[in-house]
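Observations on chain architecture
In case you want the letters, here they are:
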Amino acid sequence: GAVVSQHPSWVICKSGTSVKIECRSLDFQATTMFWYRQFPKQSLMLMATSNEGSKATYEQGVEKDKFLINHASLTLSTLTVTSAHPEDSSFYICSASPLAGGADTQYFGPGTRLTVL
Amino acid sequence: AQSVTQLDSQVPVFEEAPVELRCNYSSSVSVYLFWYVQYPNQGLQLLLKYLSGSTLVKGINGFEAEFNKSQTSFHLRKPSVHISDTAEYFCAVKGGGSEKLVFGKGTKLTVNP
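Calculation criteria
- Residues numbered from 1 in each chain as written.
- Chains lettered and ligands numbered in written order.
- Predicted model: local features only at pLDDT ≥ 70, side-chain atom pairs only at ≥ 80, totals over all residues.
- Heavy atoms only, no water.
- Core = buried A, V, L, I, M, F, W, Y, C linked by side-chain atoms within 4.5 Å.
- Buried < 20%, exposed > 50% of the residue type's maximum accessible area, 1.4 Å probe, protein only.
- Contact = heavy atoms within 4.5 Å.
- Patch = residues over 30% accessible without salt bridge, like charges linked within 9 Å, V, L, I, M, F, W, Y side chains within 5 Å.
- Areas by Shrake-Rupley, 256 points an atom, 1.4 Å probe, with all protein chains shown as cover.
- Salt bridge = Lys/Arg side-chain N within 4 Å of Asp/Glu carboxyl O.
- Helix = DSSP H or I, 4+ residues; strand = E, 2+ residues; numbered from the N terminus.
- Disulfide = S-S within 2.5 Å.
- Lys, Arg positive; Asp, Glu negative; His and termini not counted.
- Buried area = accessible area lost by both parts, 1.4 Å probe.
- Polar contact = N/O pair within 3.5 Å; in protein donor to acceptor, adjacent residues only side chain to side chain.
- Nonpolar A, V, L, I, M, F, W, Y, C, P; charged D, E, K, R; others polar.

1. Notes on the nonpolar core
Within soluble globular proteins, side chains that are nonpolar generally end up buried alongside one another. Ranked by internal contacts, the top residues of the largest apolar core, which has 27 residues, are B:Leu33, B:Trp35, B:Leu47, B:Leu48, B:Phe74, B:Leu76 and B:Tyr89. Not counting residues up to four positions away in its chain, the partners in contact with B:Leu48 are B:Leu33, B:Phe34, B:Trp35, B:Val57, B:Lys58, B:Gly59, B:Phe63, B:Glu64, B:Ala65, B:Phe74 and B:Leu76. A:Val11, A:Cys13, A:Val19 and A:Ala48 belong to the second largest nonpolar core, which has 23 residues in total.

Here it is, written out as structure tokens:
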């Protein structure tokens, strides 16, 4: 149980284009989903926290107009990187906290590797 | 605010040897503590967590960790490692009513034959 999927697992795009990454909780409903960014050989940095039906809360220094987050349902959150540039290349990981019970724990997706040319 | 320090960035060990990965945290409130493992190009998998109760926590894959409040530590141990344990290990803390997990910088465990 407690499986989180991400799609796509990797994506290559041209500079200036937009990329959408999906995060789904497959076997539970998630009150809250989180988006992280991980640079090579570094730790995870929280980008934003999203709750279903409300606006995401972005961490300091994260451009909300560049990283658009939509949490349309209790099982789906999307991250759209708008007008992507090479410096946006990174490993993006989402996580989800269950609606009932185990809310202390986040379950992580497998990550999406974005490469912007 | 919480913070996490993983004292070793890399730990090389031989197969079947014991290992300890160190984690210290700082927080002014009670905390929840976690260890996650990340295999190459994958997301994070929960190894174990401390919420309350017994300070010795057992997790998956033979790992265990001990919460030491006086030393603000949560070290991860395994008595005998396998080649397949080679991965990056992250300690994380959550507390003060916050939803957020704060991660350490990670420890790369390499198990050699």
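2. A short note on a nonpolar patch on the surface
Taken together, A:Trp10, A:Ile12 and A:Leu117 make up a surface patch of nonpolar side chains, about 390 Å² in accessible area. Inspection of the secondary structure puts A:Leu117 in the segment after β11 (112-116).

3. A look at the state of the cysteines
Considering all chains together, one arrives at 2 disulfides over all chains under this definition. Between the sulfur atoms of A:Cys23 and its disulfide mate A:Cys94 the distance is 2.0 Å. Every disulfide takes its handedness from the sign of the S-S torsion; for A:Cys23 and A:Cys94 that torsion is 80°, giving right-handed. In this pair, A:Cys23 sits in strand β3 (residues 19-25) while A:Cys94 sits in strand β9 (residues 90-98), placing the two residues 71 residues apart along the sequence. Note on A:Cys94: relative accessible area 0%, which makes it buried. The side chain of B:Cys23 participates in a disulfide bridge whose partner is B:Cys91; the two sulfur atoms lie 2.0 Å from each other. As the torsion about the S-S bond is roughly -65°, the B:Cys23-B:Cys91 disulfide counts as left-handed. Of this pair, B:Cys23 sits in strand β4 (residues 23-26) while B:Cys91 sits in strand β10 (residues 87-95); the two residues are 68 residues apart in sequence, bridging distant segments of the chain. The structure places no disulfide on A:Cys13, whose sulfur is separated from the nearest cysteine sulfur, that of A:Cys94, by 18 Å.

4. A few points about the side chain of B:Glu88
Residue and element names in this part refer to chain B. In this fold, Glu88 is placed in strand β10. Buried charge Glu88 goes without a salt bridge, the closest partner of opposite sign being Lys108 at 5.2 Å. Ignoring anything within four residues of it in the chain, the contact list for Glu88 reads Tyr36, Val37, Gln38, Lys105, Gly106, Thr107 and Lys108.

5. Remarks on unusual backbone geometry
Here the bond from A:His7 into A:Pro8 is cis, since omega is 0°, no more than 30 degrees from zero. Of note, B:Asn61 is a non-glycine position whose phi angle comes to about 60°, a positive value. Summarising the element assignment, B:Asn61 is placed in the loop between β7 (56-58) and β8 (64-68). Assessed through its relative accessible area of 39%, B:Asn61 is described here as partly exposed. The phi dihedral of B:Thr72 falls on the positive side, at around 45°, and the residue is not glycine. With respect to the helices and strands, the residue B:Thr72 is situated in the loop between β8 and β9 (73-78). A relative accessible area of 30% places B:Thr72 in the partly exposed class.

6. Brief notes about the interface of chain B and chain A
The interface of chain B with chain A comprises 19 residues on the first partner and 21 residues on the second. When chain B packs against chain A, the two sides together hide about 1500 Å² of surface, and 51% of this comes from carbon and sulfur. Contact with chain A buries area across many residues of chain B, yet B:Leu44, B:Glu99 and B:Lys100 alone supply 30% of it, more than any other trio. Remark: the boundary between chain B and chain A carries 1 salt bridge. For the pair chain B and chain A, the number of links is 5 residue pairs in polar contact (both at pLDDT 80 or more). Here the side of chain B that touches chain A takes 4 residues from strand β5 (residues 31-38) of chain B, the largest share from any one element. Taken together, the residues of the side of chain B that touches chain A break down into 9 nonpolar, 5 polar and 5 charged.

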